[in-house]
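Spelled out, the chains give:
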Amino acid sequence: MSLSVSGLPKPVNVRNDVRHNWEIMQVVYKLYNEEKFTDILFEFPYTEYKITAHRLILAAASPYFLELFEQADEDGACNTITVTKMDSDTFEQLLIYCYNGQTDIAAGNAERMLKGAILLRLHVVVDICVNYMLAHISDFLVHKLIALAAAVEYKPFETRLLAYIVEHFKELQRNAELFDLNAAQWKFIIKELDVYIVSQADIFWAIKSWYELKVGERQQQLSDLIGSLTLTEFDSEFLTQQIKPLPGCAGLATEALRMRGKLPAWLAVQNWGDDWLGYKDILLYNEAQEEWLKATRLEIKRYFFSTAFMENSLYFIGGRSMDGTSKAVLSYNLLTKTLTTMPSMKQSRQSVGVAVLHNFIYAIGGKAGNTTPLLSVERYSTSTGRWQYMPSMAVARASAGVAILHDNIYIIGGKDLRTLNTVERYNVVSNSWFPCSAMADARESPAVVVHQGFIYALSGRFTDLKTVERYDPQQDKWTRIASLNVARRYICAASIHNQLWAFGGVIGPAQWDDTVEVYDMTNDKWLLKKKLPVTGKFDCVMVPTYLAENLLK
């Protein structure tokens, strides 16, 4: 045996003996059950029930008991405490947990155990209760859990509950489960809701119902919550009739109305539908409802024309009429709502690519008849009122997609005698055409749109594609992204704020399709939205909001 300097044996380090600790606590718990060596007595008002325990064990397990006993000692030794904030059953179960670390949580006691554990600062039990209630949320009413979260003031419980509400917002709103939310909770929910799933209108009606339940109590908070919405997404009529009359919201509505006059709106002009040579529908995108609505109808006795917007007017260019391919141009003034015949193009064109850049309208390619694709390009000036020829493309093509990025007009895909995957770029400064990288897929009548600095080419008439490619102009490179849900041709694409939309088109031989899809860039997938009110082939144009809403008057 080794000896220390003092002659005593040296201490030997032994690793923590978990079994020793466990056996000791088993003995202590046995002593508790037998009420041996206990030194504290708990009583409960209006009952004869009493519980004895060991102060040392409770003080070690619970900061609440430690502070309670220390205060009692300062005030003079006290061996009896009356429990007033908890029923005896819950208190006893929590005392048992202090001894053996075990407890049973069920739907019948979860709320009481949570409140008691928070009082005693038994945080592990608190988390057990929260986990149980959120894992078995169908056994509880969400509005009761909202009130419970507010009462116990335990932030992790509230945060997880609000995350559940965000995920299941529409269902909970339908079931009237959100009436007990407070204003701070509403603001968290508004911020976190997925704009792809829940519209601003859905949130507005939920807040309005919440407010009307307790008008006097919630009136001061209403304007703050309404101001948290993206009010410019509501149309002028909604702002005026629904939001402006609400207490404290008149200024919010007025400012949103002012901003809407400056913000763009989106129109989808039908250029081919059931009525080939007659009336065409114009749809207006309603941002609050996240759906396309009928705005008006115009009699345009052509189809396969192309649409452009410039100087308060929509221009309907070329197309096919009873007399064959047309060079005619009509304009529709969105302020006066009048149709005017404009100077005709030099060349008859249907399925022509159209672009508006620097106050000029460009008509690019198209077909002169049923089968003859064109190389030529024309440009219209409103100042001279004339069309003039511009440099021709390298490849004759009709039914091509068109995109404008900076000072460049991109002509994408289309068809000559075959479906094309080639791309050309016209630079207006140099007045010249340049080749670009080809797409992976050949596409006739692709939907083409600029979105967040990239060019997207969607679908096309080649066995009804549903593939999508994205072009990076900096790298001159195309990359595939997630395919659409529905394979079709003649679809329309639009970039609306931070969302990429695809809608309409034709499936198979002649089946019009009303599907609307929105691209979820984060998860690289397309989400289905509310269907179109009418079917057809559409051109999407961006116009000032005040002009778009004038169509509804």
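For the structure, check the block above.
These remarks concern the structure in this document. (Residues numbered from 1 in each chain as written. Predicted model: local features only at pLDDT ≥ 70, side-chain atom pairs only at ≥ 80, totals over all residues. Heavy atoms only, no water.)

Some points on the overall build of the protein
Link 1 in the chain: Scanning the protein for helices and strands turns up 15 helices and 31 strands.
Link 2 in the chain: A compact globule built from 553 residues should have a C-alpha radius of gyration of about 24 Å, whereas the protein, at 36 Å, is more than 25% larger.
Link 3 in the chain: In the protein, buried positions account for 50% of the 553 residues.
Link 4 in the chain: Residue pairs in contact within the protein that sit at least 24 positions apart in sequence constitute 52% of those at least 6 positions apart.
Link 5 in the chain: When the accessible surface of the protein is totalled, it reaches about 26500 Å², and 52% of it is carbon and sulfur.
Link 6 in the chain: Of the side chains in the protein, 56 bear a positive and 61 a negative charge, and the two mean positions are spaced by 11 Å. (Helix = DSSP H or I, 4+ residues; strand = E, 2+ residues; numbered from the N terminus. Rg over C-alpha atoms; globule rule 2.2 N^0.38 Å. Buried < 20%, exposed > 50% of the residue type's maximum accessible area, 1.4 Å probe, protein only. Contact = heavy atoms within 4.5 Å. Areas by Shrake-Rupley, 256 points an atom, 1.4 Å probe, with all protein chains shown as cover. Lys, Arg positive; Asp, Glu negative; His and termini not counted. Charge placed at Lys NZ, Arg CZ, Asp CG, Glu CD.)

Some words on the packing of aromatic side chains
Link 1 in the chain: Tallying each qualifying case throughout the model produces 36 aromatic pairs.
Link 2 in the chain: Ring centres of Trp272 and Trp512 lie 5.0 Å apart, and the angle between their planes is 75 degrees; on these two criteria the pair is classed as edge-to-face. One end of the pair, Trp272, is in strand E4 (residues 264-272); the other, Trp512, is in strand E28 (residues 511-512), with 240 residues separating them in the sequence. Trp512 carries the same exposure label as Trp272, and that label is buried.
Link 3 in the chain: The aromatic ring of Phe360 is capped on one face by Arg379, whose charged end is 3.8 Å from the ring centroid.
Link 4 in the chain: The side chain of Arg470 reaches across the aromatic face of Phe454, ending 5.5 Å from its centre. (Phe/Tyr/Trp six-rings, centres within 6.5 Å; stacked < 30°, edge-to-face > 60°. Lys NZ or Arg CZ within 6 Å of the ring centre and 35° of its normal.)

Details of the sheet that holds E4
Link 1 in the chain: Reading across from one edge, E6-E5-E4-E31 is the order of the four strands in this open sheet, with antiparallel pairing throughout. In this open sheet, the two strands that pair with only one neighbour each are strand E6 (291-299) and strand E31 (537-544). On average, adjacent strands in this sheet sit at an angle of 25 degrees to one another, irrespective of strand direction.
Link 2 in the chain: The pairing of E4 with strand E5 (residues 279-286) spans three bridges and is antiparallel. Along E5, the bridge assignment pairs Ala268 with Leu283. (Pairing = 2+ DSSP bridges. Axes fitted to C-alpha atoms, helices over the stretch in contact; angles between N-to-C directions.)

A word on empty space enclosed by the protein
Link 1 in the chain: Here the structure, examined in full by the defined rule, presents one cavity of 30 Å³ or more.
Link 2 in the chain: Approximately 80 Å³ is the volume attributed to the largest cavity.
Link 3 in the chain: Asp235, Arg260, Leu284, Tyr285 and Asn286 are, among the 13 residues lining the largest cavity, the residues nearest its centre.
Link 4 in the chain: Secondary-structure elements contributing two or more residues to the lining of the largest cavity are E4, E5 and helix H15 (545-550).
Link 5 in the chain: Looking at the lining of the largest cavity residue by residue, the class counts come to seven nonpolar, two polar and four charged. (1 Å grid on protein atoms, 1.4 Å probe; cavity = no way out; pocket = protein on both sides within 12 Å on 5 of 7 lines; lining within 4 Å. Points joined across faces, edges and corners; volume = space filled by probe spheres on them. Nonpolar A, V, L, I, M, F, W, Y, C, P; charged D, E, K, R; others polar.)

Here we look at the layout of surface pockets
Link 1 in the chain: In this model, the largest pocket occupies a volume close to 1200 Å³.
Link 2 in the chain: Looking at the largest pocket, it is lined by 37 residues, and the ones nearest its centre are Val354, Val402, Val448, Cys540 and Val541.
Link 3 in the chain: Contributions of two or more residues to the lining of the largest pocket are made by strand E7 (306-310), strand E13 (353-357), strand E17 (401-405), strand E21 (447-451), strand E25 (492-496) and E31.
Link 4 in the chain: Looking at which element gives the most residues to the lining of the largest pocket, the answer is E31, with six residues.
Link 5 in the chain: Residues that form the lining of the largest pocket fall into these classes: 27 nonpolar, eight polar and two charged.
Link 6 in the chain: A volume near 360 Å³ is recorded for the second largest pocket.
Link 7 in the chain: Tallied by class, the residues present in the lining of the second largest pocket amount to six nonpolar, five polar and seven charged.

Considering unusual backbone geometry
Link 1 in the chain: The phi torsion at Ser459 lies on the positive side, around 55 degrees, for a residue other than glycine.
Link 2 in the chain: Here Ser459 lies in the loop between strand E22 (454-458) and strand E23 (468-472).
Link 3 in the chain: Looking at Ser459, the relative accessible area reads 0%, which means it is buried.
Link 4 in the chain: Positive phi outside glycine occurs at Asp524, with the angle close to 50 degrees.

Here we look at the sheet that holds strand E8 (residues 313-317)
Link 1 in the chain: Judged by pairing direction, the sheet is antiparallel, and its four strands sit side by side in the order E7-E8-E11-E12 without closing on themselves. With partners counted over all chains shown, the strands left at the sheet margins are E7 and strand E12 (338-342), one partner each. Averaged over all pairs of adjacent strands, the angle between their axes in this sheet comes to 25 degrees, without regard to strand direction.
Link 2 in the chain: As paired elements, strand E11 (residues 329-333) and E12 share five bridges and run antiparallel to each other. Looking at the pairing, Asn333 lines up with Thr338 of E12.

Quick word on helix H11 (residues 200-213)
Since the α-helix packs 3.6 residues into each turn, any two residues three or four apart lie on the same face.
Link 1 in the chain: In this model H11 runs 20 Å from its N-terminal to its C-terminal C-alpha over 14 residues, within 8% of the 20 Å that 1.5 Å per residue would give.
Link 2 in the chain: Every buried residue belonging to H11 is among Gln200, Ala201, Ile203, Phe204, Ala206, Ile207, Lys208, Trp210 and Tyr211, and all of these are buried.
Link 3 in the chain: Where the residues of H11 are buried, they touch helix H9 (169-174), helix H10 (183-192), helix H12 (215-227) and helix H13 (236-243). (Expected span 1.5 Å × (residues − 1).)

Topic: the pattern of salt bridges
Link 1 in the chain: Tallied over the full model, the rule gives 24 salt bridges.
Link 2 in the chain: One salt bridge connects Arg112 with Asp87, and the closest N-O pair in it is separated by 3.7 Å. Of the two residues, Arg112 is situated in helix H5 (residues 110-120) and Asp87 in the loop between strand E3 (80-82) and helix H4 (88-100); the sequence distance between them amounts to 25 residues.
Link 3 in the chain: For Asp87, a relative accessible area of 32% corresponds to the partly exposed category. (Salt bridge = Lys/Arg side-chain N within 4 Å of Asp/Glu carboxyl O.)

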